[in-house]
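Summary of the model geometry
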Amino acid sequence: MLAALAACGLSSFAGAALATGAAQASTLPTLTIALTQSSATISGPIAAGGVNIISTDTGVKEASVILFLLKPGVSVAEFEAFTKSKQVRDPNYADKFGTIAFDTEANQGQSRETQTTLQPGQYALMVGVGEGQPTVRTSFTVAASAAPVALPTPQATIKSIEFGFRGPSTLHDGELVRFENEGFLVHMDIALQVRSAKAAKRLIALMLAGKEKQAGKLIVGAATFDGPLSTGAYQQETITAKPGIYVEACFMDTQDGRGHTLLGMERVIHIVK
């Protein structure tokens, strides 16, 4: 159940339109990714440097939007063949082909703004629907820039590591927050909303024990700060959350099948005004 919630990205704040984020991103080039049930299109200037990505969704209830940066010499066809193999179940195997550079959620009827830095190279745009494996929808090339735009300086940074999170445990509405993977493995950053501090402690205890069915009963909402990202990848967005208590967690698995939550990759965070 927890993995399903994480995949769905039920969003009380991170998937909503980001009014404050739009203001802070006004000086960045804007890249729009529009999803329908059968297509994904990209519009806007495509050049290396900081960019504000607006994801829109008019045909899929809940979808993940993934930008995968291919290594030089790796073709889109080679990477697409990998995505159809059994190895794709462990995203860490993808590092042979490139980097999961960006991963966000798109919810039907909503737009979402997320900032990141695009490196020069060829990218595959992947879309995942529900709990299904993401598939390659299209590809594009990011040209080098003589004067790449820098991202706005975030007001807070949260880093994923093996096996935990570093950074402030209190985030504020209107705050621009960067989420980075500073681990050696692929990590994600999901926030699970609960009703009280007691429920948060109980949820962590149940996740550590692998009791997902019981743990799921404590969750009243979920949001995706970032989906699975390769080491060194980062993205940032403005927090527009309803104040409350959340449990931050990573639902990736190790090669022996243990979830990162079993290894202690969860903590209590607070969203405040």
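Everything quoted here is computed from the prediction, not taken from an experiment.

Some remarks on the sheet that holds strand E5 (residues 98-107)
Pairing is antiparallel in the open sheet, where four strands are placed in the order E5-E4-E7-E8. Unpaired on one side and paired on the other, E5 and strand E8 (135-142) mark the two borders of the sheet. Averaged over all adjacent pairs, the angle separating strand axes in this sheet is 20°, with direction ignored.

Some details on the nonpolar core
Ranked by internal contacts, the top residues of the largest apolar core, which has 48 residues, are Phe 68, Phe 79, Leu 192, Leu 203, Met 207 and Ile 239. Take this core: its biggest share by element is six residues, from helix H4 (residues 197-208). Counting residues in hydrophobic clusters, the runner-up holds 21 residues, among them Leu 31, Val 65, Val 127 and Phe 140.

As for the sheet that holds strand E11 (residues 170-172)
Strand order in this open sheet of five strands is E11-E17-E16-E13-E14, and the pairing throughout is mixed. At either margin of the open sheet sits one strand with a lone partner, and together these are E11 and strand E14 (221-229). Here the strands of the sheet are splayed against their neighbours by 25° on average, with no regard to which way each runs. Sheet topology note: the strand E16 (residues 244-249)/strand E17 (residues 266-272) ladder contains six bridges and is antiparallel. Within E17, the position partnered with Val 247 by the bridge is Val 268. The strands that H4 touches are strand E13 (187-194), E16 and E17; relative to E16, the one it contacts most, it runs at about 15°.

Observations regarding the environment of Ser 160
Within the secondary structure, Ser 160 sits in strand E9 (residues 156-161). Counting along the chain gives 38 residues from Ser 160 to Gln 122, while the straight-line C-alpha distance between them is 26 Å. Those residues within four positions of Ser 160 in sequence are excluded, and the remaining contacts are Phe 165, Glu 180, Asn 181, Glu 182, Gly 183, His 187, Met 188, Asp 189 and Met 265.

Notes on the pairing of strand E1 (residues 30-35)
The side-chain alternation of E1 yields one buried face, formed by Leu 31, Ile 33 and Leu 35, and one unburied face, formed by Thr 30, Thr 32 and Ala 34. As defined by bridge partners, E1 adjoins strand E3 (residues 49-57) across six bridges and the pair is classed as parallel. Across the sheet, Leu 31 pairs through a bridge with Ile 53, a residue of E3. Where E1 lies against strand E2 (residues 40-43), four bridges are found, and the strand directions are antiparallel. Looking at E2, one finds that Ala 34 is bridged to Thr 41. In sequence, E1 turns back onto E2 through a hairpin of four residues.

Brief notes about unusual backbone geometry
Between Glu 162 and the following residue, Phe 163, the backbone shows a cis peptide bond with an omega angle of -15°. In this structure, Phe 163 sits in the loop between E9 and strand E10 (164-166).

What counts and how
Residues numbered from 1 in each chain as written. Predicted model: local features only at pLDDT ≥ 70, side-chain atom pairs only at ≥ 80, totals over all residues. Heavy atoms only, no water. Pairing = 2+ DSSP bridges. Helix = DSSP H or I, 4+ residues; strand = E, 2+ residues; numbered from the N terminus. Axes fitted to C-alpha atoms, helices over the stretch in contact; angles between N-to-C directions. Core = buried A, V, L, I, M, F, W, Y, C linked by side-chain atoms within 4.5 Å. Buried < 20%, exposed > 50% of the residue type's maximum accessible area, 1.4 Å probe, protein only. Contact = heavy atoms within 4.5 Å.

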